[in-house]
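Letter by letter, the chains look like this.
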Amino acid sequence: MKKPLPDVRPNTWEFLRDPMIAPTGFREYDARWQYPEAINLPGMTALGFGLGTQMQRRGIEPVIAVGNDYRDYSVAIKMALIVGLMKAGIHVKDIGPALSPMAYFAQFHLNAPAVAMVTASHNPNGWTGVKMGFEKPLTHGPDEMAELRDIVLNGDFDAHDGGKHEIVDGVREAYIDDLVGDFKMSRKLKVVCATGNGTAAAFAPEIFERMGVEVVDSHNRLDYTFPNYNPNPEAMEMLHDMSASVKASGADLALGFDGDGDRCGVVDDEGEEIFADKVGVIMAKDLGKIYPNATFVADVKSTGLYAADPDLLATGAKTDYWKTGHSHMKRRVHELGALAGFEKSGHYFLAGPIGRGYDCGMRVAVEICKMLDRNPDMKMSDMRKALPKTWSTPTMSPYASDTEKYDILDRLVAKLAAKHEAGDTFAGRAIKEVVTVNGARVILDNGSWGLVRASSNTPNLVVVIESNDSEDEMRQIFAEIDAVIRTEPGVGDYDQTI
């Protein structure tokens, strides 16, 4: 197969013949491109050929579970990927339309050593990509992605005989059985189920009904044009819509899912949007009573309450703050033998004996329902109010091109570290430390903090602020962080702000 080209003009003979892959699509732990501007179908075949080559060279049994999300172009992209895998001699077990966590489950259910899920995740239509992994429940991290990128972009493929395409039925039903089992609610629970017309619409309502939960429908008709909003429970547009549905229906809470179902967003009975890191603290407090002295992992965008909430600390829990990103978090949970990992973006990694260690929005929804069942006298708002009060921003993402964002971030980290070393203040408070495990998390002397990092899967920086003191302090910290960011001319507008 030809070495892929970085750019081929659409609507040309070459575009239909030659593989084209923009190198920037190989990210820290996902492969993600705009289609067809940055990758074409022959390019996707090259990606599959490279992934199969990587499997063969690593001595992995040549069997892979492959699925696709519910977008009109995902089947074509999946089939192009499968052609490449077969060229490398891989036996493909095609599970059909799926959620990403259903594909991860298929690795266990089918005893497949590898997985590849064709999905744009929460990105809007026009994007595609592949989430992949070899060692269940882990997915490719930076080392594996760099190796795959070099194989593909250099055209360094190994052809093998024995490639096979097998369509496998029944995985969806087995996945739902694995999630729910024979559990039934003992209290009445009314839940707004919000899927934004995405893939989760084919799963979530059935899962709730099977548990005995009353479902309030919110955009649960499958429609890959996403006529209401892009399914992304980190976006305020979706959360506000979920809140309105709770208030209109009198539901006990709303649970919303992204385009490939590996993330979950929560709105409580008062219509309050609870960011996922706070939901994680609520869940950790409840799980800590059942599993004392547990270890949890939180990403660097998450609230400082994991290290400060007295009720959580009373269970003997310890929390490790780690790099943002589903592959980083899965790996860290696995390495530490943690009970669970929590990411502000809505990825939850519930490990044994609760889950299998991969991020699954459906598993989170089931466990939240179980948590409320264990606490029949408490509403979701009661659990929120039991947390120490903090003021935090949503995740805010100013534009920075994929080719420049990491260099920009390096300079921003240096500028923020220099402020700390010079004894400068933020929002009138001393800077206690600047944590640089993933970007720069500027921590003040009262525990309030502001973070800037590079997005791993879109051309953006990421900014999050939390104050332990007041909304005013939160806004001041944001102004201080933003003033430093604005020293970089390569940074553009925010997608949302406070």
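Residues numbered from 1 in each chain as written. Predicted model: local features only at pLDDT ≥ 70, side-chain atom pairs only at ≥ 80, totals over all residues. Heavy atoms only, no water.

**Let's talk about the overall build of the protein**
Counting its secondary structure elements, the protein contains 15 helices and 21 strands. Here the C-alpha radius of gyration of the protein, 22 Å, is about what a compact globule of 498 residues would show, namely 23 Å. Across its three principal axes, the protein shows a C-alpha extent of roughly 60 × 60 × 40 Å. Among the 498 residues that make up the protein, the fraction classed as buried is 62%. Considering only intrachain contacts with a sequence separation of at least 6, the fraction spanning at least 24 residues in the protein is 68%. If you sum the accessible surface of the protein, you get close to 18200 Å²; carbon and sulfur atoms cover 49% of it. The positive charge centre, built from 53 side chains, and the negative charge centre, built from 72, are 2 Å apart in the protein. (Helix = DSSP H or I, 4+ residues; strand = E, 2+ residues; numbered from the N terminus. Rg over C-alpha atoms; globule rule 2.2 N^0.38 Å. Buried < 20%, exposed > 50% of the residue type's maximum accessible area, 1.4 Å probe, protein only. Contact = heavy atoms within 4.5 Å. Areas by Shrake-Rupley, 256 points an atom, 1.4 Å probe, with all protein chains shown as cover. Lys, Arg positive; Asp, Glu negative; His and termini not counted. Charge placed at Lys NZ, Arg CZ, Asp CG, Glu CD.)

**What to know about the side chain of Asp286**
Relative to the elements of secondary structure, Asp286 occurs in helix H9 (residues 276-290). With residues near it in sequence (within four places) discarded, Asp286 still touches Met371, Arg374 and Asn375.

**Some details on the domain arrangement of the protein**
Under the domain assignment used here, the protein contains domain 1 (13-169), domain 2 (181-386) and domain 3 (391-495). The gap between the C-alpha centroids of domain 2 and domain 3 is 26 Å. Counting residues at the interface gives 15 residues for domain 2, matched by 13 residues for domain 3. Here domain 2 meets domain 3 over a buried area of about 1200 Å², counting both sides, of which 56% is carbon and sulfur. Connecting domain 2 to domain 3 are zero salt bridges. Applying the counting rule to domain 2 against domain 3 returns seven residue pairs in polar contact (both at pLDDT 80 or more). In terms of residue class, the side of domain 2 that touches domain 3 is made up of five nonpolar, four polar and six charged. (Domains from an automatic or database assignment. Buried area = accessible area lost by both parts, 1.4 Å probe. Salt bridge = Lys/Arg side-chain N within 4 Å of Asp/Glu carboxyl O. Polar contact = N/O pair within 3.5 Å; in protein donor to acceptor, adjacent residues only side chain to side chain. Nonpolar A, V, L, I, M, F, W, Y, C, P; charged D, E, K, R; others polar.)

**Regarding the packing of aromatic side chains**
Under the counting rule described, the total for this entry stands at 14 aromatic pairs. Plain terms: the ring middles of Phe208 and Phe257 are 6.5 Å apart, the flat faces sit at 40 degrees to each other, and that makes the pair tilted. In this pair, Phe208 is assigned in helix H7 (residues 204-211) and Phe257 in strand S9 (residues 253-257), connecting sequence segments 49 residues apart. Taking the centre distance of 5.8 Å and the plane angle of 15 degrees together, the rings of Tyr306 and Phe342 count as stacked. Of this pair, Tyr306 sits in the loop between strand S12 (295-299) and helix H10 (310-314) while Phe342 sits in strand S14 (residues 340-342), and the two are 36 residues apart along the sequence. Chaining the aromatic ring pairs together yields one cluster made of Phe296, Tyr306, Tyr321, Phe342 and Tyr348. Here the guanidinium or amino end of Lys136 rests over the ring plane of Phe108, the centre of that ring lying 5.9 Å away. (Phe/Tyr/Trp six-rings, centres within 6.5 Å; stacked < 30°, edge-to-face > 60°. Lys NZ or Arg CZ within 6 Å of the ring centre and 35° of its normal.)

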